[in-house]
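Here are the chains, one letter per residue:
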Amino acid sequence: MTGAFAPPYNAPSHVGSIAKLLFGISPVQTTAARRGFRVAAPAKRERMETVGRHFLTGYHAALEDDRLDSLVPRLEKIESAWRGFAYEGAAMGLALLDWLNPWNRRRISAFLDDAGDDHAYMVHVGAGWVLARVPGNVEKFLSRFDPLLRWLIADGYGFHEGFFRAPRYLAGQPAPARLRGYARRAFDQGLGRSLWFIEGGEVTAITKDIAGLSADRRGDLWSGVGLAAVYAGEADLDELKSLRDAAGTCLPQLAQGAAFAAKARSRARNLSTYQEMACRILCDMSAVDAARLTDEALENLPVSEELPAFEIWRRRIQHRFAPVGQASR
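Owing to the predicted nature of the structure, the values given are computational and were not obtained by experimental measurement.

Scoring rules and cut-offs
- Residues numbered from 1 in each chain as written.
- Predicted model: local features only at pLDDT ≥ 70, side-chain atom pairs only at ≥ 80, totals over all residues.
- Heavy atoms only, no water.
- Axes fitted to C-alpha atoms, helices over the stretch in contact; angles between N-to-C directions.
- Helix = DSSP H or I, 4+ residues; strand = E, 2+ residues; numbered from the N terminus.
- Parallel < 35°, antiparallel > 145°, perpendicular 65-115°, else oblique.
- Left-handed = near helix turned anticlockwise from the far one by under 90°.
- Contact = heavy atoms within 4.5 Å.
- Core = buried A, V, L, I, M, F, W, Y, C linked by side-chain atoms within 4.5 Å.
- Buried < 20%, exposed > 50% of the residue type's maximum accessible area, 1.4 Å probe, protein only.
- Phe/Tyr/Trp six-rings, centres within 6.5 Å; stacked < 30°, edge-to-face > 60°.
- Lys NZ or Arg CZ within 6 Å of the ring centre and 35° of its normal.
- Salt bridge = Lys/Arg side-chain N within 4 Å of Asp/Glu carboxyl O.
- Polar contact = N/O pair within 3.5 Å; in protein donor to acceptor, adjacent residues only side chain to side chain.
- 1 Å grid on protein atoms, 1.4 Å probe; cavity = no way out; pocket = protein on both sides within 12 Å on 5 of 7 lines; lining within 4 Å.
- Points joined across faces, edges and corners; volume = space filled by probe spheres on them.
- Arc of directions from axis to C-beta.
- Nonpolar A, V, L, I, M, F, W, Y, C, P; charged D, E, K, R; others polar.

**Student:** Explain the packing of helix 7 (residues 120-133) against helix 9 (residues 151-164) residue by residue, including any values.
**Tutor:** Axis separation between helix 7 and helix 9 bottoms out at 6 Å; the angle between their running directions is 60°. As far as their axial angle goes, helix 9 and helix 7 are oblique. Note that helix 7 runs across helix 9; the crossing there is right-handed. Contact residues: Tyr121, His124, Val125, Ala127, Gly128, Trp129, Leu131, Ala132 and Arg133 in helix 7; Leu152, Ile153, Asp155, Gly156, Tyr157, Phe159, His160, Glu161 and Phe164 in helix 9.

The structure is reproduced here in structure tokens:
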């Protein structure tokens, strides 16, 4: 249904009130204690829970009022270092409203055409949380998004499942059966991101978790760890060095994830001295150079029937970090 049947986009949506009632997430649900995460250091626990709080701020703000002229100013009031997480949450809220209101599915695309463009990576992973909360055809959902970045939606799905259902996935449960083909690998990248939160950035525990899963999944898991370690950090110098050493033959994937994080923050203009240090350790280059590398790897991406452009992009970046003679997966 379109036209006269669609509520004007510049009016608050009553669907949001229903969505918040049915799909609201209590702040308690994102705490380390509630999730059973092994976060020993108080400072790390506080940082992880601050990420969760800002995500929920954005999520509930979108459900309360999905008008961009109301929503974006609320998001922009959040401190720059945390703002991406609020945009991620808002993306989940807008994507959920689009799902609940199929005759008016303009919210998430309008967001990406507006302020959400600066946080495009986070917006896509935030939309992926919706896949974990509602039924539906995954391929059809993905088809509504950018052909290159749409795989980050499956990444967001994987992060959600790791964050909220860690025990079953750490025990070896594979990606959900509704995911097919490359989406299963993108899911593992998100699952890898969640390990940074599940283990509170403890390198030994993260390494053990990944070693306990099948070998063909490890590269994608390490890629996700690298992204979370740099984007959501903070780890100290010794921890970053330990992370680099622990990745072993998956160091190219770890570094590629770190470069993605640098690009995401560079695009949002919120790089910090932490990302600079982390990229120096994990990528052996500055954060600005790591972000630039991801741009260079996008040039003239070939069309392939076997691999999506997103994976070709990742492999090009990984090749830059691979030792001579070592090919990336």
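**Student:** Requested: an account of the nonpolar core, with residues and values cited.
**Tutor:** By size, the foremost hydrophobic cluster in this structure holds 113 residues, and its most contacted members are Tyr59, Phe111, Trp196, Phe197, Val225, Leu243 and Trp313. Counting residues per element, this core draws most heavily on helix 5 (residues 80-100), which supplies eleven residues. Residue contacts for Trp313: discarding those within four places in its chain leaves Tyr121, Leu148, Leu149, Phe260, Thr294, Ala297, Leu298 and Leu301.

**Student:** Requested: an account of the packing of aromatic side chains, with residues and values cited.
**Tutor:** Taken as a whole and judged by the stated rule, the model has 20 aromatic pairs. Their ring planes at 70° and their centres at 6.4 Å tell us that Tyr182 and Phe310 sit as a pair that is edge-to-face. Of this pair, Tyr182 sits in helix 11 (residues 182-198) while Phe310 sits in helix 18 (residues 309-321), and the two are 128 residues apart along the sequence. Against the face of Phe164 rests Arg133, its NZ or CZ located 5.0 Å from the ring centre.

**Student:** A description of the pattern of salt bridges should follow, citing residues and the corresponding values.
**Tutor:** In total, this model carries 23 salt bridges according to the counting rule given. Residue Asp220 is joined to Arg314 by a salt bridge in which the shortest nitrogen-to-oxygen separation is 3.2 Å. Of this pair, Asp220 sits in helix 13 (residues 218-231) while Arg314 sits in helix 18, and the two are 94 residues apart along the sequence. The exposure classification of Asp220 matches that of Arg314, with both residues buried.

**Student:** Can you tell me about the environment of Asn270, naming the residues and giving the values?
**Tutor:** For Asn270, the position within the fold is in the loop between helix 15 (251-267) and helix 16 (273-282). When neighbours within four sequence positions are excluded, Asn270 is seen to be in contact with Ser80, His119, Arg265 and Gln275. Within polar-contact distance, the side chain of Asn270 engages the backbone oxygen of Ser80 at 3.2 Å.

**Student:** For the layout of surface pockets, give the residues involved together with the corresponding values.
**Tutor:** Which parts of space are left empty comes out when a probe the size of a water molecule is rolled across the atoms. Roughly 160 Å³ of volume is contained in the largest pocket. Lining of the largest pocket is provided by Val39, Ala43, Lys44, Arg47, Met48, Trp196, Phe197, Gly200, Gly201, Ala232, Gly233 and Glu234. Elements with a minimum of two residues in the lining of the largest pocket: helix 3 (42-64) and helix 11. Counting residues per element, the lining of the largest pocket draws most heavily on helix 3, which supplies four residues.

**Student:** How would you explain helix 4 (residues 68-76) if you had to name every residue and give the values?
**Tutor:** Residues three or four positions apart in an α-helix share a direction because the helix packs 3.6 residues into each turn. All buried positions along helix 4 are accounted for by Leu68, Leu71, Val72 and Leu75. Looking straight down helix 4, one finds that the buried residues subtend no more than 95° of arc, so they occupy a single side. Turning to helix 4, the residues buried within the fold contact helix 3, helix 5 and helix 6 (107-113).

**Student:** Requested: an account of the environment of Val303, with residues and values cited.
**Tutor:** Checked against the element boundaries, Val303 lands in the loop between helix 17 (287-296) and helix 18. Distance from Val303 to Arg74, taken between C-alpha atoms, is 40 Å for residues 229 residues apart in sequence.

**Student:** Please give an account of empty space enclosed by the protein that cites residues and values.
**Tutor:** With the rule as written, the count across this model stands at four cavities of 30 Å³ or more. Put simply, the largest cavity is a space of about 200 Å³. Lining of the largest cavity is provided by 17 residues; of these, Val51, Phe85, Glu88, Phe159 and Phe197 occupy positions nearest its centre. Put simply, the parts of the chain that give the lining of the largest cavity at least two residues each are helix 3, helix 5, helix 7, helix 9, helix 11 and helix 13. Counting residues per element, the lining of the largest cavity draws most heavily on helix 3, which supplies four residues. Class assignment for the residues of the lining of the largest cavity results in 13 nonpolar, two polar and two charged. In this structure, the second largest cavity encloses a volume near 80 Å³. Forming the boundary of the second largest cavity are Tyr121, Met122, Val125, Leu152, Asp155, Arg193, Leu227, Phe260, Ala261 and Ala264. Of all the elements in the fold, those that place two or more residues in the lining of the second largest cavity are helix 7, helix 9 and helix 15. A class-by-class count of the residues in the lining of the second largest cavity yields eight nonpolar, no polar and two charged.

Read these as geometric descriptors, not functional statements.
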